[in-house]
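Summary of the model geometry
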Amino acid sequence: QVQLVESGGGLVQAGGSLRLSCAVSPRIISVFINAMAWYRQAPGKQREFVADITSGFRTNYEDSVKGRFTISRDDAKSTVYLQMNSLKPEDTAVYYCRMTTSKDYWGQGTQVTVSS
């Protein structure tokens, strides 16, 4: 049973930083991973795309996080990261990790709260 476990969420003041991690268990050989991504869902809103990184390490970002967030992956650890800088109150949401292979896998989410 493949599991994605997110960590690193918490409460931070506006302008602060957080680093989210998503560990895949058991370890998946990277050649089988098409992409790893982060999504978020704010209260009362639909889940939205934040960033992804492909097997070729190409990255894509939602416009509102460009220049502030950085996605990266460590295939040796089967882990994907989301470095979030210059956080804003509107970044408050539950952040979910997604892995796409021949199937789609989601983590349980980690709460990020940015106070003004």
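Residues numbered from 1 in each chain as written. Predicted model: local features only at pLDDT ≥ 70, side-chain atom pairs only at ≥ 80, totals over all residues. Heavy atoms only, no water.

What follows deals with a nonpolar patch on the surface. On the surface, a nonpolar cluster with roughly 330 Å² of combined accessible area is contributed by Ile29, Val31 and Phe32. Within the secondary structure, Ile29 is located in the loop between strand 3 (18–25) and strand 4 (35–41). (Patch = residues over 30% accessible without salt bridge, like charges linked within 9 Å, V, L, I, M, F, W, Y side chains within 5 Å. Areas by Shrake-Rupley, 256 points an atom, 1.4 Å probe, with all protein chains shown as cover. Salt bridge = Lys/Arg side-chain N within 4 Å of Asp/Glu carboxyl O. Helix = DSSP H or I, 4+ residues; strand = E, 2+ residues; numbered from the N terminus.)

Right, let's get into the state of the cysteines. Taken as a whole, this structure holds one disulfide when the rule is applied. Between the sulfur atoms of Cys22 and its disulfide partner Cys97 the distance amounts to 2.1 Å. Torsion about the S-S bond of the Cys22 and Cys97 cystine: about -80°, corresponding to left-handed handedness. One end of the pair, Cys22, is in strand 3; the other, Cys97, is in strand 9 (residues 93–100), and 75 residues separate them in sequence. (Disulfide = S-S within 2.5 Å.)

So, on to the packing of aromatic side chains. The tally for this structure, following the rule as stated, stands at two aromatic pairs. Here a set of aromatic residues connected by ring pairs shows up, and it is made of Tyr39, Phe49 and Trp106. Between Arg47 and the ring centre of Tyr96, over which it is positioned, the NZ or CZ distance is 3.7 Å. In this structure, Arg47 packs its charged tip against the face of Trp106, placed 4.8 Å from the ring centre. (Phe/Tyr/Trp six-rings, centres within 6.5 Å; stacked < 30°, edge-to-face > 60°. Lys NZ or Arg CZ within 6 Å of the ring centre and 35° of its normal.)

Our next topic: empty space enclosed by the protein. Applying the stated criterion to the full structure yields one cavity of 30 Å³ or more. One number sums up the size of the largest cavity: a volume of about 50 Å³. Forming the walls of the largest cavity are Val24, Ile33, Met36, Arg73, Asp74, Asp75, Ser78, Thr79 and Val80. For the lining of the largest cavity, the secondary-structure elements that each account for two or more residues are strand 7 (69–74) and strand 8 (79–84). Split by residue class, the lining of the largest cavity holds four nonpolar, two polar and three charged. (1 Å grid on protein atoms, 1.4 Å probe; cavity = no way out; pocket = protein on both sides within 12 Å on 5 of 7 lines; lining within 4 Å. Points joined across faces, edges and corners; volume = space filled by probe spheres on them. Nonpolar A, V, L, I, M, F, W, Y, C, P; charged D, E, K, R; others polar.)

For Val50, the position within the fold is in strand 5 (residues 48–54). Val50 gets classed as buried once you look at its relative accessible area, which sits at 0%. Remark: the alpha-carbon pair of Val50 and Asn60, spanning 10 residues in sequence, is separated by 8.4 Å. Sequence-distant contacts of Val50, that is, excluding residues within four places in its chain, are made with Trp38, Tyr39, Arg40, Asn60, Tyr61, Glu62, Val65, Phe69, Leu82 and Tyr95. (Buried < 20%, exposed > 50% of the residue type's maximum accessible area, 1.4 Å probe, protein only. Contact = heavy atoms within 4.5 Å.)

This paragraph deals with the environment of Pro43. Take Pro43: it is sitting in the loop between strand 4 and strand 5. The exposed category is assigned to Pro43, whose relative accessible area is 72%. For the pair Pro43 and Thr92, spaced 49 residues apart in the sequence, the C-alpha separation amounts to 8.8 Å.

By themselves these figures say nothing about function.
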